[in-house]
Amino acid sequence: MGAHRLVHAALALALVATGCDGDSGSAAPDARDVGSPASSPTPTTDSSPTPAASPTLAPGDPCPPSNEPALPDDAGCVSVVEGDLDGDGRADRLFVFALVDGDGHARAWRARAEVGGETVAGPHFHRKAHTPHAIAAVDADGDGADEVFVKVSDHLYHSGASHIVGVLKLHDGALVQVVERGHGPMNADVGGVTRFGEGVECADGARGPELRVLRTEAANDAYTRWDWSRKVYRWHGASLVYVETRRGTLKTDGYNDPDRYRFYRLECRGVVYPELG
């Protein structure tokens, strides 16, 4: 498979730690100094995909029109990533876009891929979703073909917001959204507010690649103890199979201790989202 690559969006719009005394004796997620949510730069390497920039579309604003010939004439709010979706070593493209009305406002949201010169229709997103966009293509499950992380909407709180992130995958010739087996699409919140955070990470477990859904919540007003949970899923084709939930308590030096920041974002084989800096 070729190196992971990501094409900057035409306009990309809204689609973890050491020192724990866990209640089950389990180890906390590995600590890494991954920086502050407010100020730290995204790590970059020659081979790691970099998430596209995500300017905000204000409520009521029209979508910028598309000039992409592969999309319908009424497409707008287009984001596109490049990756090897079928594992043949050649670059493919995946688009997330809106179908817009005469005033440029989104009436529907779609995904579509170009794979080996063929167009593959993808899933529809809720028409009232808050500006879905493609994030990055990366081989999350280790099968030699890239999955695509997509922001499918936002989850708004009184004092902040999380991004709702899903995964698209080319499976048996169809572009589908990865599901949690026995449930619906595997959508996870990424972000949070002052007292709690939610994140997603890829990892290599003892029995193969895993996707882990993380959450942490402040256990005291000094922000020096954070209760955390980690739900572990194992990949199985276009499904994620639940394995276990681990819990513990993370001790930090305070609110800005970098050990807790992975609980506020997506990290997957070089991808860090949202972009920081």
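Residues numbered from 1 in each chain as written. Predicted model: local features only at pLDDT ≥ 70, side-chain atom pairs only at ≥ 80, totals over all residues. Heavy atoms only, no water.

### Describing the environment of L175
So, point 1. Relative to the elements of secondary structure, L175 occurs in strand β8 (residues 174-177).
So, point 2. Classification of L175 by relative accessible area gives buried; the value is 6%.
So, point 3. In the structure, L175 is positioned 64 residues away from A111 in sequence and 8.5 Å away in space, judged by C-alpha atoms.
So, point 4. Leave out the neighbours within four places in its chain, and L175 touches L94, A111, R112, A113, V120, A121, G122, P123, L168, K169 and L170. (Helix = DSSP H or I, 4+ residues; strand = E, 2+ residues; numbered from the N terminus. Buried < 20%, exposed > 50% of the residue type's maximum accessible area, 1.4 Å probe, protein only. Contact = heavy atoms within 4.5 Å.)

### Regarding the sheet that holds strand β2 (residues 92-100)
So, point 1. Read from one edge to the other, the open sheet built from 4 strands follows the order β1-β2-β3-β4, with strand pairing classed as antiparallel. Every interior strand has two partners, whereas the edge strands, β1 (75-83) and β4 (118-125), have only one. Across the sheet, the mean angle from the axis of one strand to that of its neighbour is 20°, orientation sign disregarded.
So, point 2. Sheet topology note: the strand β3 (residues 106-115)/β4 ladder contains 6 bridges and is antiparallel. Within the sheet, the bridge partner assigned to R110 lies in β4 and is H124. (Pairing = 2+ DSSP bridges. Axes fitted to C-alpha atoms, helices over the stretch in contact; angles between N-to-C directions.)

### Points about the environment of L156
So, point 1. Here L156 lies in strand β6 (residues 147-157).
So, point 2. Look at L156 and you get exposed, because its relative accessible area is 66%.
So, point 3. Separated by 36 residues in sequence, L156 and G192 have C-alpha atoms that sit 9.3 Å apart.

### Thoughts on unusual backbone geometry
So, point 1. The omega angle of the peptide bond from Y273 to P274 is 5°, so this bond is cis rather than trans.
So, point 2. Backbone geometry at D172 places phi at a positive 55°, although glycine is not the residue there.
So, point 3. Residue position: D172 is located in the loop between β7 (160-171) and β8.
So, point 4. Residues other than glycine seldom take positive phi values, yet R269 does so here, at roughly 50°.
So, point 5. One can find R269 in the loop between β15 (266-268) and β16 (271-273).

### Quick look at the confidence of the model for the protein
Caution applies to low-pLDDT regions: their predicted coordinates should not be interpreted in detail.
So, point 1. This prediction gives the protein a mean pLDDT of 81; 78% of its residues lie at or above 70.
So, point 2. The model gives residues 1-47 a pLDDT under 50, and that stretch makes 159 contacts with residues more than four places away or in other chains. (pLDDT = per-residue confidence, 0-100.)

### Focus: the nonpolar core
So, point 1. Grouped together as the largest cluster of nonpolar side chains are 24 residues, with contacts concentrated most on L85, L94, V96, F125, V148, V150 and L168.
So, point 2. Secondary structure elements with two or more residues in this core: β1, β2, β3, β4, β5 (133-138), β6 and β7.
So, point 3. Sequence-distant contacts of L94, that is, excluding residues within four places in its chain, are made with S79, V80, V81, L85, R112, A113, A134, V148, L168 and L175. (Core = buried A, V, L, I, M, F, W, Y, C linked by side-chain atoms within 4.5 Å.)

### Here we look at the pattern of salt bridges
So, point 1. One pass over the structure, following the stated rule, counts 17 salt bridges.
So, point 2. The salt bridge involving R107 is made with D74; its shortest N-O contact spans 2.7 Å. Taken as a pair, R107 in strand β3 and D74 in the segment before β1 lie far apart in primary sequence, 33 residues in all.
So, point 3. One salt bridge in this structure joins E267 and R265, with 3.4 Å as the shortest N-O distance.
So, point 4. A relative accessible area of 9% means that E267 is categorised as buried. (Salt bridge = Lys/Arg side-chain N within 4 Å of Asp/Glu carboxyl O.)

### Quick look at the state of the cysteines
So, point 1. Tallying each qualifying case throughout the model produces 2 disulfides.
So, point 2. Disulfide pairing places C63 opposite C77 at an S-S distance of 2.0 Å. Torsion about the S-S bond of the C63 and C77 cystine: about -100°, corresponding to left-handed handedness. Pair noted here: C63 is in the segment before β1 and C77 is in strand β1, with a separation of 14 residues, a long-range link.
So, point 3. For C77, a relative accessible area of 1% puts it in the buried group.
So, point 4. Shown here is the disulfide that connects C202 with C268, its sulfur atoms set 2.0 Å apart. (Disulfide = S-S within 2.5 Å.)

### Topic: the packing of aromatic side chains
So, point 1. Following the criterion strictly, the structure yields 2 aromatic pairs and no others.
So, point 2. Judged by centre distance (5.8 Å) and plane angle (25°), the rings of Y223 and W226 are stacked. Pair check on accessibility: Y223 and W226 agree, each one buried.
So, point 3. Measuring from ring centre to ring centre gives 5.8 Å for Y233 and Y242, while their planes differ by 70°; the resulting arrangement is edge-to-face.
So, point 4. Above the ring of F196, the side-chain terminus of R215 is found at 4.4 Å from the ring centroid. (Phe/Tyr/Trp six-rings, centres within 6.5 Å; stacked < 30°, edge-to-face > 60°. Lys NZ or Arg CZ within 6 Å of the ring centre and 35° of its normal.)

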